[in-house]
Amino acid sequence: MIWMARVLAGPILWGALFSGIYGLHGLGCGLDWPNRETPLGALHPLAMIGAWLLGLALHAALIRWNRVSGDARQAMLVRAGNWIGAVASAATLFPVIATSTCG
């Protein structure tokens with residue numbers, strides 16, 4: 001049954017990133033990060049883009065190393081779970097980091 005945990009690893013990572021990015025967005029808005037400048041630009045988008053890219057790198061590592069040997073159906077489900085989580089993270093979190101909704 002360990003393969004089932006491997007199937008769910010991608011979506012669980014997506015859920016953690018979704019919560020983390022939205023939490024970071026709220027924290028940044030509350031601490032006025034959009035108006036804090038760094039040498040690379042405003043702190044808020046930099047922090048959000050950095051967290052998003054780190055999350056995508058974690059998904060890439062998961063795709064690379066989270067594999068099941070043996071049953072072909074189980075291996076296919078693990079690969080599908082990994083890719084579903086990665087695509088969901090890329091697609092659902094990009095709008096959050098690309099736009100600022102701080103009041």
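How each quantity is defined
Residues numbered from 1 in each chain as written. Predicted model: local features only at pLDDT ≥ 70, side-chain atom pairs only at ≥ 80, totals over all residues. Heavy atoms only, no water. Phe/Tyr/Trp six-rings, centres within 6.5 Å; stacked < 30°, edge-to-face > 60°. Helix = DSSP H or I, 4+ residues; strand = E, 2+ residues; numbered from the N terminus. Buried < 20%, exposed > 50% of the residue type's maximum accessible area, 1.4 Å probe, protein only. Disulfide = S-S within 2.5 Å. pLDDT = per-residue confidence, 0-100.

**Structural notes on the packing of aromatic side chains**
Line of reasoning, step 1. Counted under the stated rule, the structure contains three aromatic pairs.
Line of reasoning, step 2. Ring geometry for W14 and F18: centres 5.3 Å apart, planes at 45°, overall tilted. Highlighted residues: W14 and F18, both in helix α1 (residues 2–30), separated by four residues, approximately one helical turn.
Line of reasoning, step 3. Relative accessible area serves as the criterion here: at 29%, F18 is assigned to the partly exposed category.
Line of reasoning, step 4. Ring centres 4.8 Å apart and planes at 45° place the aromatic pair F18 and Y22 in the tilted group. On the criterion of helical spacing, the pair formed by F18 and Y22 is a turn pair, its members being four residues apart in helix α1.
Line of reasoning, step 5. Pairwise contacts between aromatic rings join W14, F18 and Y22 into one cluster.

**Things to note about the state of the cysteines**
Line of reasoning, step 1. Per the counting criterion, the structure on display carries one disulfide.
Line of reasoning, step 2. Disulfide pairing is shown between C29 and C102; the S-S distance is 1.9 Å. Taking the torsion about the sulfur-sulfur bond, which here is approximately -80°, the covalent link between C29 and C102 counts as left-handed. With C29 in helix α1 and C102 in the segment after α3 (72–98), this residue pair connects regions lying 73 residues apart in the sequence.
Line of reasoning, step 3. Since its relative accessible area comes to 26%, C102 is described here as partly exposed.

**Side note on the confidence of the model for the chain**
Line of reasoning, step 1. Taken over all residues, the pLDDT of the chain has a mean of 91, while the share at 70 or more is 100%.
Line of reasoning, step 2. Across the chain, the secondary-structure element scoring lowest on mean pLDDT is strand β2 (residues 41–42), at 88, and the one scoring highest is helix α2 (residues 43–65), at 94.

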